[in-house]
Amino acid sequence: MAKIAEVVAKSVKPTFSIELWPPRSPAAEAKLEQALPILAALHPTFTSITYGAGGSTREKTHDLVLRIKRETPIEPMAHVTTAAHSKSELVSILERYLAAGVENILALRGDPPLSGDLELPPGELIYAIDLVKLARSLGDFSITVAAHPQGHPDSPNLKVDRFRLARKLELADMAITQFFFVADDYFRLVDDLDKLGVSKPVLPGVMAPTSLKTLERMAELSGAKIPDRVRQLLYGAGNDANAIKSIGVGIATELSEELLKRGAPGIHVYTMNEAGTTVEICKRLGLG
Ligand code: FAD
């Protein structure tokens, strides 16, 4: 068993990790089946596996986490969200992972799915920090949390956001950021945390945008700002899927190169279960 935060903190070279989604349809299942061996061949340090807040992918997330653990050499990190769950439900999710030998989790509040307009009811535990505390009380987890380089949209301002993140990360072991497009935003976040006395690893989350519409929706939910340059590049590609893919890979690679050159501990790629773009990013960066 490997504690991912320790592996990242001790790594002498930049780590490369990925995020996967549990598939929700037969077509998505087939896509993941195709992508998994290709992504495994890149030897990622770990893969995180998303969770549909409110439990919409509860079993699917659990099954994919365990499958990755048993059938691949990749270490899984299970996302868990507080939203719409009772405390006893969260305890049972966490205890099931402990029993299966899964000790790496990403503790989150959770957001409604991209396609839905419904608000999620809050859970019995409201914030991610409450889940960090619960997981700590249950077992020897390695706990990662989310960070938002440009601030979380529910925060009144960046200063408050940073303060709350620092308190959360103090209790956790590592953070992974929401996607962003400007390297300075990441380094400002790391500097601010440092000034607040927290110097745990913060992995930048990098996404190769594949559609302007999806990107706009994701940005609205997450508080990430889309620079005009990125918007114009994607808009300029029209409906040409290959052109969009190539532009997306270019944007992600350029950003990753700058992040690594300036000292980021690694890169966490939001694969969206798409092997091709991730392989291309890896190849261009000389990672994997
Ligand atoms: P929190 O840390 O709880 O923060 C949420 C808001 O509450 C912030 O504005 C914060 O400032 C505020 N807050 C915190 N503490 C307090 C307090 N004591 N008093 C008042 N306000 C407070 N979503 C999913 O549904 N499933 C996933 O699998 C998933 N994976 C993700 C992976 C990564 C790497 C990231 C960055 C995000 C992911 N998300 C996922 C999205 C995430 O759930 C949303 O960004 C959510 O809106 C906030 O989650 P959080 O864990 O940062 O919340």
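Keep in mind that what you see is a predicted model, and the values were worked out from it rather than measured. (Residues numbered from 1 in each chain as written. Predicted model: local features only at pLDDT ≥ 70, side-chain atom pairs only at ≥ 80, totals over all residues. Heavy atoms only, no water.)

## Examining the site of the ligand
And step 1. Around the ligand, 24 residues are found, and the nearest of them are Tyr51, His79, Asp111, His152 and Lys168.
And step 2. Between Ala128 and the ligand, the recorded distance is 2.9 Å, taken from a backbone N or O atom to an oxygen atom.
And step 3. Note that an oxygen atom of the ligand is positioned 2.7 Å from one of the side-chain N or O atoms of His152.
And step 4. Coverage of the ligand by the protein chains reaches 85% of its 990 Å² of free accessible surface.
And step 5. Of all the elements in the fold, those that place two or more residues in the shell around the ligand are strand 3 (76–81), strand 4 (104–108), helix 6 (158–171) and strand 6 (174–179).
And step 6. A breakdown of the residues in the shell around the ligand according to their chemical character gives 9 nonpolar, 9 polar and 6 charged. (Near = heavy atom within 4 Å. Polar contact = N/O pair within 3.5 Å; in protein donor to acceptor, adjacent residues only side chain to side chain. Areas by Shrake-Rupley, 256 points an atom, 1.4 Å probe, with all protein chains shown as cover. Helix = DSSP H or I, 4+ residues; strand = E, 2+ residues; numbered from the N terminus. Nonpolar A, V, L, I, M, F, W, Y, C, P; charged D, E, K, R; others polar.)

## Topic: the pairing of strand 8 (residues 266–270)
And step 1. Most of strand 8 sits inside the fold, with 5 of its 5 residues counted as buried.
And step 2. Because side chains alternate across strand 8, one face comprises the buried residues Gly266, His268 and Tyr270, and the other comprises Ile267 and Val269, equally buried.
And step 3. As defined by bridge partners, strand 1 (residues 15–20) adjoins strand 8 across 5 bridges and the pair is classed as parallel. Following the sheet pairing, Phe16 is matched in strand 8 by Ile267. (Buried < 20%, exposed > 50% of the residue type's maximum accessible area, 1.4 Å probe, protein only. Pairing = 2+ DSSP bridges.)

## Describing the pattern of salt bridges
And step 1. Scanning the model with the defined rule gives 20 salt bridges in all.
And step 2. Linking Lys283 and Glu280 is a salt bridge whose minimum nitrogen-to-oxygen distance equals 3.7 Å. Taken together, the residues span about one helical turn, with Lys283 and Glu280 both in helix 11 (residues 275–285) at a distance of 3 residues.
And step 3. For Glu280, a relative accessible area of 25% corresponds to the partly exposed category.
And step 4. A salt bridge links Glu280 to Arg284, with the nearest nitrogen and oxygen atoms 3.4 Å apart. In this pair, Glu280 and Arg284 are both assigned in helix 11, 4 residues apart and thus about one turn of the helix distant.
And step 5. Arg284 sits in the partly exposed class, given a relative accessible area of 41%.
And step 6. A single salt-bridge network, built from bridges that share partners, covers Lys3, Glu103 and Asp140. (Salt bridge = Lys/Arg side-chain N within 4 Å of Asp/Glu carboxyl O.)

## Regarding the packing of helix 6 against helix 7 (residues 183–195)
And step 1. Contact geometry of helix 6 with helix 7 gives a least axis separation of 10 Å together with a crossing angle of 65°. It follows that helix 6 is roughly perpendicular to helix 7 by the angle criterion. Crossing handedness for the pair helix 6 and helix 7: right-handed. Of helix 7, the residues touching helix 6 (which contributes Arg162, Leu165, Ala166 and Leu169) are Asp185, Arg188, Leu189, Asp192 and Leu193.
And step 2. Class assignment of the residues belonging to the contact of helix 6 with helix 7 gives a composition of 5 nonpolar, no polar and 4 charged. (Axes fitted to C-alpha atoms, helices over the stretch in contact; angles between N-to-C directions. Parallel < 35°, antiparallel > 145°, perpendicular 65-115°, else oblique. Left-handed = near helix turned anticlockwise from the far one by under 90°. Contact = heavy atoms within 4.5 Å.)

## Some words on the pairing of strand 4
And step 1. Among the 5 residues in strand 4, 5 count as buried, and that is most of the element.
And step 2. Burial of the side chains of strand 4 extends over both faces: Asn104, Leu106 and Leu108 are buried on one face and Ile105 and Ala107 on the other.
And step 3. Direction of pairing for strand 3 relative to strand 4: parallel, over a ladder of 4 bridges. Looking across to strand 4, one finds that His79 is bridged to Leu106.
And step 4. Handedness of the crossover is the feature at issue here: the chain leaves strand 3, passes through helix 4 (residues 87–99), returns alongside strand 4, and the resulting connection is right-handed.
And step 5. Pairing between strand 4 and strand 5 (residues 142–147): 4 bridges, direction parallel. By the bridge assignment, Leu106 is partnered in strand 5 with Thr144. (Right-handed = clockwise from strand over helix to strand, strands pointing away.)

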